[in-house]
Amino acid sequence: MASNDESTIEARLAEQEYFRPPTKFVGQANVSDPAVYDRFAEFPAGFEEYADLLDWDAHWDELLDDSNPPFYEWFVGGELNASYNCVDRHLDDGKNRTALRWEGEDGEQRNLSYQDLYREVNAMAAALRDVGVDEGDVVTIHLPMVPALPITMLACARLGAPHSVVFAGFSANALAERVDSADSEYVVTIDGYYRRGDFLPHIEKADEALREAAGDPQVLAWTRHEEPHDSVAVSDDYTMVADLLDEHAGERVAPVSRDAEDPLFLMYTSGTTGQPKGCQHRTGGYLAYAAGTSKYVLDIKPEDTYWCSADIGWITGHSYIVYGPLALGTTSVMYEGTPDHPHRSRMWEIAERYDVDVFHTSPTAVRMFMKWGAEHLEGYDFDFRHLTTVGEPIQPEAWLWYYEHVGGEDAVIVDTWWQTETGGHLITNLPALDDMKPGSAGRPAPGIEPAILDDEGEPVDPESGEAGNLVITRPWPGMLQTVYGDDERFIEEYWERFSDTDSDDPDDWIYEAGDGAVQGPDGYYRVLGRLDDVMNVAGHRLGTMELESAVSEVEAVAEAAVAAREDSEKGEVPDVYVVLRTGVEESESVREDIVTAIEEEIGKFARPNEVAFVGDLPKTRSGKIMRRLLEDISNDAELGDTTTLRDPSVPEQIREQVGAD
Ligand code: PRX
């Protein structure tokens, strides 16, 4: 969570030099004419340009219906199929072009041409249909980074069945919660996959989730190899995908024409309550926005080899591994494993092997590469023209390292700010048009109108460098439709704070991003981080309330609060402050129970940095926990205002207890 005190912001705003995009990049860029900004200033007409990148079964009648804000409708009356747009339409001029170059962690390699992808997606769609999946059914997909994942997603899209991909690192409980929340009757999983040399028995999470879930979904199981792995027992209750695919090999399933407003997928994400929100994305607007920004911001061309090292289980992988790049007909690299297995040059080895042109990663990964040292890149012959970062603020130091060592001072770096909810980039430079500035996401993307408001909802002076709440004042096609099954929560979480919710004038509706930001005198935005109770751990979004409710499950715990500690590698890591029940002694075993509870409720990636046993938590007179003060303690910062506390001495007591730990 961002700190907005003056000294921090000043330090972050310390003037950085600008870097011009290399001439050779500008010469070949998809967008090199600044008139693009003028075209998109025509609102909403500018966005037509993105929709025109797609093939529509029926043209839309109205570009935007904004009569019932914030339930905007895009490309109203239009019909299309996302799977057709990402696969079938490339067959005419590129059926032999590679769609996916997949590399397993164990060194296995698989290339799928667009023709192969077409065949596999059709067979999987037939398989899904065979087990009963119908248009409108939500299919939960719990798969790691193997070709089965995009194939299953595109097969769902072909049938018009919204998918809900749950990141493979999420625990059985988290999976069960998402299956139930989406009323999903189908779960697609796999026997296992490779992680740092081990074969993880992934399917066990589905086994346990099924015991946890209120519903009784059908399970379809892929296998990582031709046969199920020896170390894993696959339940007889599950349907083996391989058998279905054999049965349906060679079948063709006509892509279902979907209304532009029909949902394409759900993506659960952490918010400020214990329950994750199912962000619901529409078919037409989302796909148009993902394709448009892939072309304009990522500069992807069909003849490129593009590699985004994110996991498809998060929104980055949805928009910028699957939907955007495949809609443009490019070749994408997909890698199963971790960047340090079997050695710390793995990424560069892959980049060289496939001659990657455009590379996309997170600041956490850049910081890690930086820590490992530039020597791990030496001797690898890769040549990127375009590098992206996403998911967290990137410190100028890491930016400069990325620019020098990965880009060879000869590639553009594009810092893209956006969210699960936004579907695609909202603040980012168009790489051929705007100079790069380390640490700043830059200008709004075409057609996007951000603003910075103070806590009372008044705009801060534009370009003043004053920090405030980042908001978006106009709708855009990639925006979420709603929170699945909960329109009220949609309004509460994103609109209520800065909108006049009684009004049906779209000008009165303002989207709250939950981030703090400043706009410098050059018009560039610098995003500081979350202002709400959401953390960003290694680019993974985690709600403090989710962590706290997991910790509260432990019997020994009376009360718990989670604070974000700044971390030089992961950006932020969770510290857990725990008050034990009377009579319970603090011990290693209680600490372990707490860590296990987090791993079981959420996943291993959410492991806390520290579990501190304390006597009391800082609370206001009305009993609200002041997490900000805990954050000050975690980060060895000066304590903020303690005058509203019921017992102002608590933070100092905690500091002593933690120090004495
Ligand atoms: O805090 C912002 C941060 O990541 C949050 C969104 O997380 P998620 O929905 O998981 O999506 C991540 C991938 C799009 C934002 O609210 N964030 C994302 N991109 C940036 C960023 N912070 C600073 N700079 C960015 N480029």
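Note that this is a predicted model, so its numbers are computed, not measured.

A.B. asks: Summarise the overall build of the protein; cite the residues concerned and give the values.
C.D. replies: The number of helices and strands found in the protein is 21 helices and 30 strands. Against the 2.2 N^0.38 benchmark of 26 Å for 661 residues, the protein shows a C-alpha radius of gyration of 24 Å, consistent with a compact globule. With respect to the three principal axes, the spread of C-alpha positions in the protein is 70 × 60 × 60 Å. Every one of the 661 residues in the protein was classed for burial, and the buried ones make up 61%. Pairs at least 24 residues apart make up 72% of the contacts formed inside the protein by residues separated by at least 6 positions. With an accessible surface of roughly 24,700 Å², the protein has 42% of that area assigned to carbon and sulfur atoms.

A.B. asks: An account of the domain arrangement of the protein is requested, with residue identities and associated values reported.
C.D. replies: Taken domain by domain, the protein holds domain 1 (108-256), domain 2 (455-530) and domain 3 (536-660). A straight line from the C-alpha centre of domain 2 to that of domain 3 covers 29 Å.

A.B. asks: Talk me through the layout of surface pockets; I want residue IDs and the actual numbers.
C.D. replies: In this structure, the second largest pocket spans a volume of roughly 540 Å³. Along its surface, the second largest pocket is lined by 21 residues, and Arg110, Glu120, Trp222, Thr223 and Leu245 are the ones closest to its centre. Looking at the lining of the second largest pocket, the elements that each hand over two or more residues are helix H7 (114-130) and helix H11 (241-248). Per-element accounting of the lining of the second largest pocket gives the leading share, 4 residues, to H7.

A.B. asks: Quick one: what's the story with the packing of H7 against H11, residue by residue and with numbers?
C.D. replies: Packed helix pairs are characterised by how far apart their axes lie and by the angle those axes make with each other. At a closest axis distance of 9 Å, the pairing of H7 and H11 adopts a crossing angle of 110 degrees. Our classification of the angle between H7 and H11 gives roughly perpendicular. Contact residues: Ala123, Met124, Ala126, Ala127 and Asp130 in H7; Val241, Leu244, Leu245, Glu247 and His248 in H11. Of the residues contributing to the contact of H7 with H11, the split by class is 7 nonpolar, 1 polar and 2 charged.

A.B. asks: Would you mind going over helix H14 (residues 346-354) in detail, with residue names and values included?
C.D. replies: Taken together, the buried positions of H14 are occupied by Arg346, Met347, Trp348, Ile350, Ala351 and Tyr354. Directly after H14, the chain includes Asp355, whose backbone phi takes a positive value near 55 degrees.

A.B. asks: For the sheet that holds strand E12 (residues 239-240), give the residues involved together with the corresponding values.
C.D. replies: Ordered by their spatial adjacency, 8 strands build an open sheet running E12-E11-E8-E6-E7-E14-E15-E23, and the pairing between neighbours is mixed. The open sheet is flanked by E12 and strand E23 (482-483), the only strands paired with a single partner. Both strand E8 (residues 186-190) and strand E11 (residues 218-222) contribute to a ladder of 5 bridges, which runs parallel. Across the sheet, the residue bridging to Ile190 is Trp222, located in E11. Against the sheet, helix H13 (residues 315-327) makes contact with strand E7 (163-165), strand E14 (263-269) and strand E15 (277-282), and its axis sits at roughly 145 degrees relative to E14, the strand it touches most.

A.B. asks: Tell me about the packing of helix H9 (residues 172-181) against helix H10 (residues 203-212), and name the residues and values.
C.D. replies: Between H9 and H10, whose axes approach to 8 Å, the crossing angle comes to 55 degrees. Classed by the angle they form, the pair H9 and H10 counts as oblique. As H9 runs across H10, the sense of the crossing is right-handed. Facing H9, whose interface residues are Ala172, Asn173, Leu175 and Ala176, H10 presents Lys205, Ala206, Glu208, Ala209 and Glu212. Residue classes in the contact of H9 with H10 are distributed as 5 nonpolar, 1 polar and 3 charged.

What counts, and where the lines are drawn
Residues numbered from 1 in each chain as written. Predicted model: local features only at pLDDT ≥ 70, side-chain atom pairs only at ≥ 80, totals over all residues. Heavy atoms only, no water. Helix = DSSP H or I, 4+ residues; strand = E, 2+ residues; numbered from the N terminus. Rg over C-alpha atoms; globule rule 2.2 N^0.38 Å. Buried < 20%, exposed > 50% of the residue type's maximum accessible area, 1.4 Å probe, protein only. Contact = heavy atoms within 4.5 Å. Areas by Shrake-Rupley, 256 points an atom, 1.4 Å probe, with all protein chains shown as cover. Domains from an automatic or database assignment. 1 Å grid on protein atoms, 1.4 Å probe; cavity = no way out; pocket = protein on both sides within 12 Å on 5 of 7 lines; lining within 4 Å. Points joined across faces, edges and corners; volume = space filled by probe spheres on them. Axes fitted to C-alpha atoms, helices over the stretch in contact; angles between N-to-C directions. Parallel < 35°, antiparallel > 145°, perpendicular 65-115°, else oblique. Nonpolar A, V, L, I, M, F, W, Y, C, P; charged D, E, K, R; others polar. Pairing = 2+ DSSP bridges. Left-handed = near helix turned anticlockwise from the far one by under 90°.

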